[in-house]
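Overview (structure and organization)
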Amino acid sequence: MNIAIVGTGYVGLVSGTCFAELGNTVICVDNNEQKIADLNNGKIPIYEPGLEELVKKNRKKKRLSFTCNIKDAVKKSKVIFIAVGTPPKDNGDADLRYIEDVSRNIARNMNTYKVVVEKSTVPVETNKWVKYIMRLNNNKIDFDVASNPEFLKEGSAIADFMHPDRIVLGVESEKAKKLLIQLYKPLKAPIVITNIQSAEIIKHASNSFLATKISFINAVANICEKVGADVEQVAEGMGMDKRIGRNFLNAGVGYGGSCFPKDVKAFIRIAEKLGCGFEMLKEVERVNEDQKKLLFKKIEQALWILNEKTIGILGVAFKPDTDDIRSAPAIDIMKMLQGEGAHVKAYDPKAMEHAKDILPNVEFCKNAYEVAKGADALVIMTEWPEFKKLNLSKIKTILHHPIIIDGRNIFNPAKMKKMGFKYTNVGNL
Ligand code: UGA
């Protein structure tokens, strides 16, 4: 099938590449000329395991191309996905100006019937507006709108696309439904067909629910600390109940990234505007913010005065296997430490280039050992696999004091204490 994907951000680039891998002819469109030039030179703007190889393979097979020419892409495609950004405005609303822009552009360039599919995460009823704007700009050519939210996780996005738990298709015509089912058929995954509003809500509700799970276990972790319980064991015991499940019950310094913080905020705003205040989600946000403050307190409790102390930070990305630092808890913690006059050293396997721009006074190091050398304490902010394999005896000898504050619970507290570390994590004191 001939497909266009407008927007080559995370969702657009991964989805476009995977659709090409399934045998479709895909044109990825973006108005950022530099990005398109880079992609045409084989340079991938994000780090995502396996993506570079897949882009290369599909470009070679002539199934995947990149362009700034939306007119040409629309004319050549039957299904057009909108995957542009919906950043938060100051009041928490999603900024939908790029969606409107693209809808108008698609409408003006349609020559035959098209299905226009919303893949960006948008407030419920956005599709109604997409349809309205498209009709205003083209009242001659027949088209359908649809919603097909994406559930990719950064770091495992290709596997998530190729082996999804479910595919959600919000449609309002048989024609669009048939085309989209045909497109997804090779994945052999369960398909949930809904109306468009339901599909839009499924996305916001799913992300908000997962964020709620995280804040829930973090709140439980804080109780565990007070009474000598271990949140890891509590999560294990809860998670074995199939109705609860163990996933997303990892206590830590809280959720970050480009999705959960933005989507929880947007869902709160959507509910408010509809007159259905969602106080529970406000609490989810509050717990998440507090987790950072609590971790900071733990650093203070281990070192007392932070001024002129050297703190080593392991992990800057908001989670492992990505170079994404958007709303990464590590960024806030480093700023808080610098605010107290501490000298901050940091290392991340992939995310340092991005971090250098916003944290010019942090000393970025070549590896974890360089960070630990001479530091008064080591703080773990991202659970990269390589941190779990560190030579802890070596770390102990090179640290100025054997203090580790673990914001992601990657080590066994009993073992750490036995080794002579003053070790603090989340939910186990
Ligand atoms: C999230 C969703 O998981 C995807 O399904 C969705 O498609 C995506 O948002 C999106 O809307 O585009 P992502 O932000 O890539 O994916 O990452 P997650 O793996 O969900 O992690 C989000 C944050 O939660 C990270 O900071 C992670 O460290 C934190 N987290 C996750 C926890 O603190 N505890 C957990 O148990 C799980």
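Residues numbered from 1 in each chain as written. Predicted model: local features only at pLDDT ≥ 70, side-chain atom pairs only at ≥ 80, totals over all residues. Heavy atoms only, no water.

Description of the site of the ligand
- Inspection of the region around the ligand gives 20 residues, with Leu-152, Glu-154, Lys-203, Asn-207 and Lys-319 positioned closest.
- Leu-152 places a main-chain nitrogen or oxygen 2.7 Å from an oxygen atom of the ligand.
- In the environment of the ligand, an oxygen atom lies 3.3 Å from a nitrogen or oxygen atom belonging to the side chain of Arg-408.
- Of all the secondary structure elements, the ones that give two or more residues to the shell around the ligand are helix 9 (196–227) and helix 11 (260–273).
- The element contributing the most residues to the shell around the ligand is helix 9, with 3 residues.
- Tallied by class, residues from the shell around the ligand come to 9 nonpolar, 4 polar and 7 charged.
- Inspection of the shell around the ligand shows a minimum of three residues originating in each of domain 1 (2–194) and domain 2 (209–424). (Near = heavy atom within 4 Å. Polar contact = N/O pair within 3.5 Å; in protein donor to acceptor, adjacent residues only side chain to side chain. Helix = DSSP H or I, 4+ residues; strand = E, 2+ residues; numbered from the N terminus. Nonpolar A, V, L, I, M, F, W, Y, C, P; charged D, E, K, R; others polar. Domains from an automatic or database assignment.)

Overview of the sheet that holds strand 14 (residues 422–424)
- Spatially, the 6 strands line up as an open sheet ordered 11-10-9-12-13-14, and their pairing is parallel. Each edge of the open sheet is held by one strand with a lone partner, namely strand 11 (363–364) and strand 14.
- Both strand 9 (residues 310–314) and strand 10 (residues 343–347) contribute to a ladder of 5 bridges, which runs parallel. Bridge assignment links Ile-311 to a residue of strand 10, and that residue is Val-344. (Pairing = 2+ DSSP bridges.)

Digging into the packing of helix 9 against helix 10 (residues 231–239)
- It is the contact of helix 9 with helix 10, at a shortest axis distance of 9 Å, that shows an interaxial angle of 130°. By the angle between their directions, the pair helix 9 and helix 10 is classed as oblique. Crossing hand, helix 9 versus helix 10: right-handed. The residues of helix 10 that touch helix 9, namely those facing Phe-216, Ile-217, Val-220, Ala-221 and Cys-224, are Val-231, Val-234, Ala-235 and Met-238. (Axes fitted to C-alpha atoms, helices over the stretch in contact; angles between N-to-C directions. Parallel < 35°, antiparallel > 145°, perpendicular 65-115°, else oblique. Left-handed = near helix turned anticlockwise from the far one by under 90°. Contact = heavy atoms within 4.5 Å.)

Topic: a nonpolar patch on the surface
- Where nonpolar side chains cluster on the molecular surface, the patch consists of Trp-129, Tyr-132 and Leu-136 and spans about 400 Å² of accessible area.
- Note that Tyr-132 resides in helix 6 (residues 126–137). (Patch = residues over 30% accessible without salt bridge, like charges linked within 9 Å, V, L, I, M, F, W, Y side chains within 5 Å. Areas by Shrake-Rupley, 256 points an atom, 1.4 Å probe, with all protein chains shown as cover. Salt bridge = Lys/Arg side-chain N within 4 Å of Asp/Glu carboxyl O.)

Focus on the domain arrangement of the protein chain
- For the protein chain, the domain assignment lists domain 1 (2–194) and domain 2 (209–424).
- Taking only C-alpha atoms into account, the centre of domain 1 sits 33 Å from that of domain 2.
- Domain 1 puts 15 residues into the contact, and the matching count from domain 2 is 18 residues.
- In this assembly, domain 1 and domain 2 are joined by 3 salt bridges.

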